[in-house]
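# Structural description and commentary
Below, each chain spelled out in residue letters.
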Amino acid sequence: MRIGLRASSILIAVASAATPLLAHADPVVILAAGSLRGVVSDLAAAGNAVGIEVRSVFGGSGLLRGRIEKGEKADLFLSADLGHPRKLQASGRTVLPVVLFARNRMCVVARRAGGVTEKNLVDRLLADGVRVKTSTPIADPSGDYAWTILDRIEAARPGAGAKLKEKAQANMTLTAPAAAPGQSAAAALFAANLIDVWITYCSASAGVEKEIPGLASIEVPPALDPHPMNGLAVLSDRPEVLRLAVLLLSEEGQAIVGRNGLVPVGATDPLSSPP
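Reference entry: report on the structure contained in this document.

### Describing the overall build of the protein
- A count of helical and extended segments in the protein gives 11 helices and 10 strands.
- A burial count over the protein gives 50% of its 275 residues as buried.
- Considering only intrachain contacts with a sequence separation of at least 6, the fraction spanning at least 24 residues in the protein is 76%.
- On the protein, roughly 12,500 Å² of surface is accessible, and the fraction owed to carbon and sulfur atoms is 55%.

### With respect to the side chain of Asp 75
- Tracing the chain through its elements places Asp 75 in the loop between helix H3 (61-69) and strand S3 (76-79).
- Side chain to side chain, Asp 75 and Arg 238 meet in a polar contact 3.0 Å long.
- Dropping the residues within four chain positions of it, Asp 75 is found in contact with Pro 27, Val 28, Val 29, Ala 233, Val 234, Leu 235, Ser 236, Arg 238 and Val 241.

### Re the packing of helix H6 (residues 141-156) against helix H7 (residues 160-170)
- Viewed as axis vectors pointing N to C, H6 and H7 meet at an angle of 150°, and their least axial separation amounts to 6 Å. Between H6 and H7, the angle is such that the two are roughly antiparallel. Mapping the contact onto sequence places Trp 147, Leu 150, Asp 151, Ile 153 and Glu 154 in H6 and Ala 160, Gly 161, Ala 162, Leu 164, Lys 165, Ala 168 and Gln 169 in H7.

### Here's the deal with the environment of Thr 94
- Its place among the elements puts Thr 94 in the loop between helix H4 (83-90) and strand S4 (99-103).
- C-alpha of Thr 94 to C-alpha of Asp 237: the two residues are 143 residues apart in sequence and 9.2 Å apart in space.
- Those residues in contact with Thr 94, other than ones at most four positions away along the chain, are Pro 85, Leu 88, Gln 89, Ala 233, Val 234 and Leu 235.
- Side-chain polar atoms of Thr 94 contact the backbone oxygen of Leu 96, separated by 3.3 Å.

What counts as what
- Residues numbered from 1 in each chain as written.
- Predicted model: local features only at pLDDT ≥ 70, side-chain atom pairs only at ≥ 80, totals over all residues.
- Heavy atoms only, no water.
- Helix = DSSP H or I, 4+ residues; strand = E, 2+ residues; numbered from the N terminus.
- Buried < 20%, exposed > 50% of the residue type's maximum accessible area, 1.4 Å probe, protein only.
- Contact = heavy atoms within 4.5 Å.
- Areas by Shrake-Rupley, 256 points an atom, 1.4 Å probe, with all protein chains shown as cover.
- Polar contact = N/O pair within 3.5 Å; in protein donor to acceptor, adjacent residues only side chain to side chain.
- Axes fitted to C-alpha atoms, helices over the stretch in contact; angles between N-to-C directions.
- Parallel < 35°, antiparallel > 145°, perpendicular 65-115°, else oblique.

Right, dumping it as structure tokens:
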């Protein structure tokens, strides 16, 4: 766990020295990537058990960073990447260095009938009539990671990545009819037969498979996978904020990370490397 080790140590030391929680402290406001909804929900439950109230807001990491920069109140920022938290750190908005708290993988969700495999992935994506969907780059790191995959495809197979970006761009702002109660936006697009392939986090793919019968997830080959890293920015030095941040980095918090389909920072991942 080389990345963020020093920051983690500082954070734990500061939180340990913090004064006791106030009986009626204001809620800890967490702004978090939509892909981290499960992590934040479980973290909030663990915080509530020790008297910490949490209020959470979800959205694309880039959009949330912009809201923080414009003055929106936030105590913790949980991003699907390290870049957006580091920009807040560079502008002096964090009280501690940014910490890596989880890793992820990228997957391709496709209809089983399409016969997509790791070996034929690029050919199937390129096939005429196959509609590819990604999130929007810059606004959402999932889109940035997906386009990094397309850039790597382009490097290995000139022309292929550019064609795939054209496909993805065509569906970038695609919206489905009203989703069924409890249905995700991606599931709604598949249900409406508007897309055939979705490039997303592996932590999100299992949920969509459960929602829509006939879907399957394929892990992006290691050489193409940018191996997403999730960053924590601490924006307030209130004791309850620091303690919640330490909870996320603790054994209990890392178990929460694992239960929600992400990779704890202490897990061995020989294919990933520090930024």
